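Coordinate analysis (summary)
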Amino acid sequence: DAGVIQSPRHEVTEMGQEVTLRCKPISGHNSLFWYRQTMMRGLELLIYFNNNVPIDDSGMPEDRFSAKMPNASFSTLKIQPSEPRDSAVYFCASSPHRVAETQYFGPGTRLLVL
Amino acid sequence: DQQVKQNSPSLSVQEGRISILNCDYTNSMFDYFLWYKKYPAEGPTFLISISSIKDKNEDGRFTVFLNKSAKHLSLHIVPSQPGDSAVYFCARRAGNMLTFGGGTRLMVKP
């Protein structure tokens, strides 16, 4: 299995631009998570889906952030408009069932907003 | 509110010796605590976990101890190897949610 796949691996954009991060979970996993890692706040959960349905989005920082999961094999995290404080590493993770002992992380997308 | 704290941002250990990574928590509602290991430019990878009903779990060189009365857990790596050099995160799992500590960077010197 290829593991969780994220694209792009690196993104540099200018303030005000739209940014779309993509994630393909491990096949057969039905829970998907988006995390953000910053120096100040560490690793924080933004949103998670179960069976393509958003279950908890309380970690999404503000309305500029949105996430979708149109099918079991694809999810997007969109920031519009982006701001310099959004610069971080964004991780996607998946787990095989609703209450799973562990989550499997992708390699992350490093986002820099100038 | 930092529910999971790793108070040591870094730790340096000689190869072959024991590494002890610590984690404190405030919220006693959890199913498991997990330890993740992270190399630069990679995502965290699961290392070992401990159930809320246990006080010790061992897997090879890695042992996790849970002290519920002190709300403290620790990860022991023995013997430490240079390849263990990474950032280690403890994470509290409640339901399907993970709450991570800030991480401890372990450096194992040859």
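Scroll up to find the structure this text is about.
If you're wondering where the values come from, they're calculated on a predicted model, not measured in any experiment. (Residues numbered from 1 in each chain as written. Chains lettered and ligands numbered in written order. Predicted model: local features only at pLDDT ≥ 70, side-chain atom pairs only at ≥ 80, totals over all residues. Heavy atoms only, no water.)

Comments concerning the nonpolar core
Counting 22 residues, the largest nonpolar core has W35, L73, L75 and Y88 of chain B as its most contacted members. Elements with a contribution of two residues or more to this core: strand 3 (19-25), strand 4 (32-38), strand 5 (45-51), strand 7 (62-67), strand 8 (72-77), strand 9 (86-94) and strand 11 (104-109) of chain B. Of all hydrophobic cores here, the second largest spans 21 residues; its members include L21, I26, L46 and A88 of chain A. (Core = buried A, V, L, I, M, F, W, Y, C linked by side-chain atoms within 4.5 Å. Buried < 20%, exposed > 50% of the residue type's maximum accessible area, 1.4 Å probe, protein only. Helix = DSSP H or I, 4+ residues; strand = E, 2+ residues; numbered from the N terminus.)

Regarding the state of the cysteines
In a disulfide, the sulfur atoms of two cysteines are covalently bonded to one another. Scanning the model with the defined rule gives two disulfides over all chains in all. Note on cysteine connectivity: C23 of chain A is disulfide-linked to C92 of chain A, with sulfurs 1.9 Å apart. When the S-S torsion is -70 degrees, as for the bridge of C23 of chain A with C92 of chain A, the disulfide is left-handed. Of this pair, C23 of chain A sits in strand 3 (residues 19-24) while C92 of chain A sits in strand 9 (residues 88-95), placing them 69 residues apart in sequence. Across the pair, C92 of chain A and C23 of chain A agree in class, each one buried. Across the disulfide from C23 of chain B sits C90 of chain B; the S-S distance is 1.9 Å. (Disulfide = S-S within 2.5 Å.)

Description of the sheet that holds strand 8 of chain B
Residue and element names in this part refer to chain B. Read across the sheet, five strands follow the order 1-3-8-7-6 without closing on themselves; strand pairing throughout is antiparallel. The open sheet has two free edges, formed respectively by strand 1 (4-5) and strand 6 (56-59), since each of these has just one partner strand. Examined bridge by bridge, strand 7 and strand 8 share six bridges and lie antiparallel to one another. Note on strand 8: the bridge partner recorded for T63 is H76. (Pairing = 2+ DSSP bridges.)

Concerning the interface of chain A and chain B
Interface size is commonly expressed as the accessible area that is lost once the parts come together. At the junction of the two partners, chain A supplies 21 residues and chain B supplies 17 residues. Buried surface at the junction of chain A and chain B, summed over both partners, amounts to about 1600 Å²; 55% is from carbon and sulfur atoms. Scanning the region where chain A abuts chain B turns up zero salt bridges. Where chain A touches chain B, the interface holds three residue pairs in polar contact (both at pLDDT 80 or more). Mapped onto the side of chain A that touches chain B, the elements with two or more residues apiece are strand 4 (31-38), strand 5 (42-50) and strand 9 of chain A. Among the elements that line the side of chain A that touches chain B, the one with the most residues is strand 4 of chain A, at four residues. Considered class by class, the residues forming the side of chain A that touches chain B number 10 nonpolar, seven polar and four charged. (Contact = heavy atoms within 4.5 Å. Buried area = accessible area lost by both parts, 1.4 Å probe. Salt bridge = Lys/Arg side-chain N within 4 Å of Asp/Glu carboxyl O. Polar contact = N/O pair within 3.5 Å; in protein donor to acceptor, adjacent residues only side chain to side chain. Nonpolar A, V, L, I, M, F, W, Y, C, P; charged D, E, K, R; others polar.)

A word on the layout of surface pockets
In this structure, the largest pocket occupies an estimated 1200 Å³ of space. Around the largest pocket sit 47 residues that line it, and Q37, T38, R41, G42 and L43 of chain A are the ones nearest its centre. Secondary structure elements with two or more residues in the lining of the largest pocket: strand 4, strand 5, strand 9 and strand 11 (109-113) of chain A together with strand 1, strand 9, strand 10 (97-100) and strand 11 of chain B. No other element matches strand 5 of chain A, which puts five residues into the lining of the largest pocket. Residues that form the lining of the largest pocket fall into these classes: 19 nonpolar, 18 polar and 10 charged. (1 Å grid on protein atoms, 1.4 Å probe; cavity = no way out; pocket = protein on both sides within 12 Å on 5 of 7 lines; lining within 4 Å. Points joined across faces, edges and corners; volume = space filled by probe spheres on them.)

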